[in-house]
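Spelled out, the chains give:
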Amino acid sequence: MRLHAGALDGEARASFERARAMPIRVIQIGEGIFLRGFVDWLVHRLNESGAFQGRIAVVNPRPSGTHHIHQFQEQEGLYTVTVRGLQDGNPVEHAELVTSVARAFDSTCEWSQVLQLARDPHVEIALSNTTELGVRYEPVPRPSSEAPPATYPAKLAQCLYERYRALGWQEAGRMVVVPCELIDDNGQQLRSIVERHAADWGLEDDFYRWLRDRVEFCDTLVDRIVTPYAGHPPLPYEDALAVTVEPYYLFAIRGSERLKALWPFAEVGLNVHYADDIRDFRLQKLRALNGTHTALANLGLMAGLETVLEVMQHPTLSQFVHQLVQDEIVPATESRVTRPEMLRAFARDVLERFQNPYLEHKLRSIATNAISKARIRLVPTLLDAVERLGEARRLTAAIAAVSLAYRPGMRDVAASDPAADRLMSLWQEDLEGSARAILSDAELWSADLTEVPGVLDGWVRFVATALSRGPVEAIASL
Ligand SMILES: NC(=O)c1ccc[n+]([C@@H]2O[C@H](COP(=O)([O-])OP(=O)(O)OC[C@H]3O[C@@H](n4cnc5c(N)ncnc54)[C@H](O)[C@@H]3O)[C@@H](O)[C@H]2O)c1
Ligand SMILES: O=P(O)(O)OC[C@@H](O)[C@@H](O)[C@H](O)[C@H](O)CO
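Every chain's residues receive numbers from 1 upward, in the order its sequence appears when written. Throughout, the order in which chains and ligands are written sets their labels, letters from A for the former and numbers from 1 for the latter. Thresholds applied to this predicted model are a pLDDT of at least 70 for local features of residues and 80 or more for the giving and counting of side-chain atom pairs; totals over whole chains, interfaces and linings are not thresholded and use all residues. Side-chain metrics in this entry use all non-hydrogen atoms of the structure; hydrogen atoms and water are not considered.

- Labelled according to an unreviewed UniProt entry, the chain appears under the name Tagaturonate reductase, originating from Alicyclobacillus mali.
- UniProt positions are given in the numbering used here, feature names are shortened, and annotations may be inferred rather than shown by experiment. Turning to the chain, the UniProt record has this under Catalytic activity (unreviewed entry): "D-mannitol 1-phosphate + NAD(+) = beta-D-fructose 6-phosphate + NADH + H(+)".

Regarding the UniProt feature "domain: Mannitol dehydrogenase N-terminal" (unreviewed entry) in the chain
- Here, the residues flagged by UniProt with the feature "domain: Mannitol dehydrogenase N-terminal" (unreviewed entry) are residues 25–256.
- The span residues 25–256 carries 33% helix and 26% strand; its end-to-end C-alpha distance comes to 17 Å. Helix and strand assignments come from DSSP, with helices taken as H or I runs of at least 4 residues and strands as E runs of at least 2, each series counted from the N terminus.

Quick look at the domain arrangement of the chain
- Its domain assignment divides the chain into domain 1 (5–275) and domain 2 (279–476).
- The C-alpha centroid of domain 2 is placed 32 Å from the C-alpha centroid of domain 1.
- Contact residues are listed per partner, giving 23 residues for domain 1 and 16 residues for domain 2.
- A simple way to read buried area is as the amount of 1.4 Å-probe accessible surface that goes missing from two parts once joined, with both sides added. Both faces combined, the contact of domain 1 with domain 2 buries some 1700 Å², and carbon together with sulfur accounts for 61% of it.
- Any carboxyl oxygen of Asp or Glu within 4 Å of a side-chain nitrogen of Lys or Arg constitutes a salt bridge here. For the salt bridge of Asp184 with Arg282, the shortest nitrogen-to-oxygen distance reads 2.3 Å.
- A 3.5 Å cut-off defines polar contacts: any pair of N or O atoms within that distance qualifies, except that in protein one atom must be a possible hydrogen donor and the other a possible acceptor, and neighbouring residues in sequence count only when both atoms are side-chain atoms. Taken together, the connections running from domain 1 to domain 2 amount to 7 residue pairs in polar contact (both at pLDDT 80 or more).
- Going through the elements one at a time, strand E3 (79–87), strand E9 (220–223), strand E11 (243–245) and strand E12 (250–254) are the ones with two or more residues in the side of domain 1 that touches domain 2.
- The class makeup of the residues in the side of domain 1 that touches domain 2 is 13 nonpolar, 4 polar and 6 charged. Residue ranges labeled as domains rest on an automatic or database domain assignment. Any two residues having at least one pair of non-hydrogen atoms within 4.5 Å are treated as being in contact. Residues are sorted three ways: Asp, Glu, Lys and Arg are charged, Ala, Val, Leu, Ile, Met, Phe, Trp, Tyr, Cys and Pro are nonpolar, and all the rest, Gly among them, are polar.

A closer look at the sheet that holds strand E4 (residues 90–98)
- We treat two strands as partners when DSSP finds at least two bridges between them. Overall, mixed pairing links the 4 strands, which are arranged E4-E3-E11-E10 in an open sheet. Among the strands making up the open sheet, the edge pair consists of E4 and strand E10 (226–228). Sheet twist, expressed as the average angle between the axes of neighbouring strands with direction ignored, equals 25 degrees.
- Pairing between E3 and E11: 3 bridges, direction parallel. Bridge assignment links Val81 to a residue of E11, and that residue is Val243.
- Docked against the sheet, helix H3 (residues 39–48) engages E3 and E4, running at close to 80 degrees with respect to E4. Note on definitions: angles span 0 to 180 degrees between N-to-C directions of axes, and those axes are lines fitted to C-alpha atoms, for helices only across the stretch in contact.

Section: helix H14 (residues 340–354)
- A helix is expected to span 1.5 Å multiplied by its residue count minus one. Helix length check: H14, at 15 residues, gives a terminal C-alpha distance of 21 Å against a target of 21 Å (1.5 Å per residue), a fit within 8%.
- Those residues of H14 that sit buried are Met342, Leu343, Phe346, Ala347, Val350, Leu351, Arg353 and Phe354.
- Buried residues belonging to H14 abut E9, helix H11 (279–302), helix H12 (308–313) and helix H13 (315–333). In this scheme, a residue with accessible area under 20% of its type's maximum is buried, one over 50% is exposed, and one in between is partly exposed, where area comes from a 1.4 Å probe on protein chains only.

Structure, rendered in structure tokens:
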């Protein structure tokens, strides 16, 4: 039986009825698994505590999300979050029905309804997750009310202009924009792209002033591992939108007294931090969690493994991951953060989170865009590590593993990446030549890595061993 309101009873039914009475107060661009397992779940929890009393309208940013919108519509916005993992060493496993989503609109054919919501004074927050690629400027013609512009920032710009036209300078017109994309200063970047569209479309100066005065763009940092639901625990219904999450989560939001008042998460015990500066949260997460993921995903795939857990259960790879984090990433990053003790605790947590016995976190999905991720999530740490520690054998091996994944003939390891063809074309017959060509390519790494002491030699040694004796031997010989 498919999940729908009529199938609910007991507390689940009561939760749905309570939620049903709440107005839509959030427009969400993005229908992916992350928002379902993170902010939508947080808003559900906030509603349950009585602290927000508002629901979400979900909109797909791209035509490819239409099937999810239909699933939301079929399930009356309902879906399940299963929480699985260890908390204080004890196994946790439970399922929660999330009732925070009220409606779902297909942007390809219901755009005028989205614009109508943008004009609604009850709606106060615009939320998004469109991946790092979603927050980008691309010139688009001034849109009509019938069809949405192609990109997310242009969609948002049009929604905000509609709101300005409908509600103008009255208090009810205020809006808070909360992007969750994992990019630096996500809120400020989004604001500047929205303003650029306003200029391109010749919108009035007063709209620009309104945007500055009435619309707050928050910078955020999100952290929770969210995976597709894989059948545990069994659900008494079929749920096409179910997701599985780890118990851990962290949401850091810069500034915004207004959002803090609307969404008082911390007051009801949820791990959300409103802070003037969220750079430490971001740096430690990007380096200790995402950087380590990028390193272990490529090595794990080359060793024939499929999940993060399998890597953490492999004697050689697991030791590598622990040493990479504790002996290189943490010492390299300590001087970059204001609270090194928070970084150390976070890094310990990350190693535990990766050993979550109940999550099937696929290496293949983590390895997508490995080169672009290595550039941002590994290379800056490598530079800091060499400067601070004199050498960084494991970070060098991580860069070598990413390079190796894109060696011609490694098609089954290489994940899609905009720079894949470029890296593949740099491989040559001899290893030394390949190393020089690849490591000196600043377009790949944002730096000439042949100039970093020890990297060229370490790369050649690692790759030579991996090619002759396999990746596990190469790691063991570090
Ligand atoms: N799943 C996780 O554990 C997790 C945790 C934290 C952060 N994230 C971030 O979330 C992103 C992936 O999201 P997900 O896990 O929900 O995956 P998903 O594939 O379920 O959803 C991705 C969403 O982004 C949209 N999108 C993709 N490319 C786009 C583009 N170019 N323009 C506009 N929209 C675009 C899709 O339409 C979809 O709505 C990644 O960038 C990742 O850094 C994921
Ligand atoms: O989602 P990506 O592809 O940007 O990166 C893969 C993982 O590192 C990432 O999803 C983490 O699990 C997540 O960022 C944890 O909060």
